[in-house]
Amino acid sequence: MSTQPLPLPLEGITVVAVEQAVSAPFATRQLADLGARVIKIERPDGGDFARGYDTAAAGLASHFVWCNRGKESVAVDLKDPRGLDVVRRLVAGADVFVQNLAQGAAARLGLDAATLCAADERLVAVDISGYGAGGPYAHKRAYDMLVQCEAGLVSVTGTPDQPVKAGIPAADVAAAMYAFSGVLAALLRRATTGRGGPVEISMLESLAEWMGHPLHHGMHGGGTPARTGVAHAVIAPYDAYPTADGGQVLLSVQNDREWRRLAEQVLGRPELGDDPAYATNTARVAHREETDAVVGRALAVLGTAEAVGRLEAAGIACARLNTVEDVAAHPQLAARDRWREVGTEVGPLRALLPPVTLPGGPEARMGAVPALGEHTDAVLRELGVPDDERAALRREGVVA
């Protein structure tokens, strides 16, 4: 067996991305973390518009910091033929091309997957869109919240009185992860056949797949699952309950044996284990308000830590209802050494190691978040663009 350390799996792979917002940038960030060189093409006048979403990350946009570490930023005006030529030359030397421009824009520039792959059969080219290349929705605007609504996610999220969107960009993330896995699959196919090929991803189709359980429940006769907040539509008790110190603890009883343990060891009401009104899950769901009231009273007099301790001692699945600040200080993430610092133009910022861990080799390459156009000159030099021409392109606003 070799004792040589394994390289990152995408070492030597070059990715060019004409990308913005979340879906494509988050996909290509995964590739960068695994060792790929990712060249991000941005507009000279402000770049990826996600740079302007907020200033929460020490003056930088939190979305941009999250989705764009480890990339090289090249600011090029694609509307100028000279700028478009730069991008085409970069693509000619790339293994992967990714774009999520507005529907039809890439095709007008000759940067759609079908056109590029027809010219270079080894290239893997990814088109990410809101609704796909055809059909009546092809040209609709497709922001994350809108796709969450179209995919039905909002209809099953929230309380009985109020549907709500997910608190993360679920449609963008779904599309990003399918784009990421699609690139890996296409690269594997290329390794065995010599051909890459187009990859098509739509946000609607990605999120509709994630709607698996509610979708199958509804279309096969079970009806649309009810919105139940953090409760479960068909299991009780399964909810978040306030504790004495202002926290909340979520617990889940999955079977009647667990209910008997909960009643005896946490509620102090062992008789409820055999009470016909509570003894079975069907009965507890039918008497959900009474069940929740019994559990709520027992936990309301306990601090969060004590409540979790008692539930865990009884073998009841439970969790704290954490804030994002709690997650940033989560003891499990700290114990597993999951935090690193990444460079930015305003200094180092904390970031989580990506979830894919590959023992036996270097950890993920969590490179710096680039400033707009930080790598334009270096990349143009690699392409052989002379100094005077680079200066002219910059002077005329073609690059930045």
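Residues numbered from 1 in each chain as written. Predicted model: local features only at pLDDT ≥ 70, side-chain atom pairs only at ≥ 80, totals over all residues. Heavy atoms only, no water.

**Student:** Which parts of the structure should I look at to understand the environment of Gly152?
**Tutor:** Of note, Gly152 is situated in the loop between helix H6 (144-150) and helix H7 (170-193). In this structure the C-alpha to C-alpha distance between Gly152 and Leu204, which are 52 residues apart in sequence, comes to 9.8 Å. (Helix = DSSP H or I, 4+ residues; strand = E, 2+ residues; numbered from the N terminus.)

**Student:** I would appreciate a short explanation of the nonpolar core in the present structure.
**Tutor:** As a rule of thumb, nonpolar side chains are buried together in soluble globular proteins. Val15, Val96, Val98, Val126 and Ile128 are the most contacted members of the largest nonpolar core, which has 42 residues in total. If you list the elements that add at least two residues to this core, you get strand E1 (14-18), helix H1 (23-33), strand E4 (96-99), strand E5 (124-129), H7, strand E6 (197-202) and helix H8 (203-210). Examining the composition of this core, we find that 11 residues originate from one element, H7, more than from any other. If we skip the residues at most four places from it in the chain, Val126 touches Phe97, Val98, Gln99, Ala113, Ala179, Val183, Val199 and Ile201. Core analysis: the second largest hydrophobic core is formed by 28 residues, Ile39, Val91, Ala94 and Val399 among them. (Core = buried A, V, L, I, M, F, W, Y, C linked by side-chain atoms within 4.5 Å. Buried < 20%, exposed > 50% of the residue type's maximum accessible area, 1.4 Å probe, protein only. Contact = heavy atoms within 4.5 Å.)

**Student:** Even after reading the chapter, I still don't get the pattern of salt bridges, so can you show me in this structure?
**Tutor:** A side chain with one charge may pair with a side chain of the opposite charge, provided their charged atoms come close. Tallying each qualifying case throughout the model produces 21 salt bridges. For the salt bridge of Glu72 with Arg37, the shortest nitrogen-to-oxygen distance reads 2.7 Å. Of this pair, Glu72 sits in strand E3 (residues 71-75) while Arg37 sits in strand E2 (residues 37-42), placing them 35 residues apart in sequence. On the basis of relative accessibility, which here comes to 18%, the residue Glu72 falls in the buried class. Among the residues examined, Arg37 registers a relative accessible area of 25% and is labelled partly exposed. Two residues, Asp80 and Arg82, come together in a salt bridge whose shortest N-O distance is 3.0 Å. Accessibility expressed as a relative area gives 16% for Asp80, which makes it buried. Residue class for Arg82 comes out partly exposed when judged on its relative accessible area of 37%. Among the charged side chains, a salt-bridge network with shared partners connects Glu19, Lys40, Asp48 and Lys71. (Salt bridge = Lys/Arg side-chain N within 4 Å of Asp/Glu carboxyl O.)

**Student:** Help me understand the sheet that holds strand E7 (residues 238-242) in this model?
**Tutor:** Adjacent strands of a sheet form backbone hydrogen bonds with each other and so pair up, either parallel or antiparallel. Taken in spatial order, the 3 strands make up an open sheet running E7-E8-E9, and their pairing is antiparallel. Single-partner strands in this sheet number two, and they are E7 and strand E9 (317-320). Mean inter-strand twist for the sheet, computed between neighbouring axes without regard to direction, equals 25°. Where E7 and strand E8 (residues 248-252) come together, 5 bridges link them in antiparallel fashion. Directly across from Asp239, in E8, lies its bridge partner Leu251. Strands in contact with helix H12 (residues 288-300) are E7 and E8; relative to E7, the strand with the most contacts, it is inclined by about 40°. (Pairing = 2+ DSSP bridges. Axes fitted to C-alpha atoms, helices over the stretch in contact; angles between N-to-C directions.)

**Student:** It is not clear to me how the environment of Asp292 should be interpreted in this structure. Could you clarify?
**Tutor:** You can see Asp292 is positioned in helix H12. Remark: the alpha-carbon pair of Asp292 and Ala240, spanning 52 residues in sequence, is separated by 9.5 Å. Contacts of Asp292, omitting those with residues within four sequence positions, involve Pro237, Asp239 and Tyr241.

**Student:** How should empty space enclosed by the protein be read in this particular structure?
**Tutor:** If you walk through the whole model with that rule in mind, you get 1 cavity of 30 Å³ or more. Considered as a void within the structure, the largest cavity measures approximately 40 Å³ in volume. Here the residues of the lining of the largest cavity sort into 4 nonpolar, 1 polar and 1 charged. (1 Å grid on protein atoms, 1.4 Å probe; cavity = no way out; pocket = protein on both sides within 12 Å on 5 of 7 lines; lining within 4 Å. Points joined across faces, edges and corners; volume = space filled by probe spheres on them. Nonpolar A, V, L, I, M, F, W, Y, C, P; charged D, E, K, R; others polar.)

**Student:** I would appreciate a short explanation of the packing of H1 against H7 in the present structure.
**Tutor:** A packed helix pair is summarised by two numbers, namely the angle formed by the two axes and the spacing between the axes. For the pair H1 and H7, interaxial distance at closest approach is 8 Å and the crossing angle is 40°. Viewed along their axes, H1 and H7 adopt a mutual orientation that is oblique. Crossing of H1 against H7: the hand is right-handed. Packed against H1, whose contacting residues are Ser23, Phe26, Ala27, Gln30 and Leu31, the element H7 presents Asp172, Val173, Ala175, Ala176, Met177, Ala179, Phe180, Val183 and Leu184 at the interface. (Parallel < 35°, antiparallel > 145°, perpendicular 65-115°, else oblique. Left-handed = near helix turned anticlockwise from the far one by under 90°.)

**Student:** Hey, could you run me through the sheet that holds E2 in this one?
**Tutor:** Across the sheet, which stays open at both edges, the 6 strands sit in the order E3-E2-E1-E4-E5-E6 with parallel pairing between neighbours. Every other strand in the sheet has two partners, leaving E3 and E6 as the edge strands with one partner each. Geometrically, the sheet is characterised by an average inter-axis angle of 20° between neighbouring strands, direction not taken into account. Packed onto the sheet, H7 meets E4, E5 and E6 and runs at close to 160° relative to E5.

**Student:** Can you walk me through the side chain of Asp95 in this structure?
**Tutor:** You can see Asp95 is positioned in the loop between helix H3 (81-92) and E4. Here Arg190 takes part through its side chain, which lies 3.0 Å from a polar atom of the side chain of Asp95. In this structure, Asp95 is in contact with Gly12, Ile13, Thr14, Arg122, Leu123, Val124 and Arg190, ignoring residues within four places of it in sequence. (Polar contact = N/O pair within 3.5 Å; in protein donor to acceptor, adjacent residues only side chain to side chain.)

Honestly, that's just the spatial picture; any functional story needs more than this.
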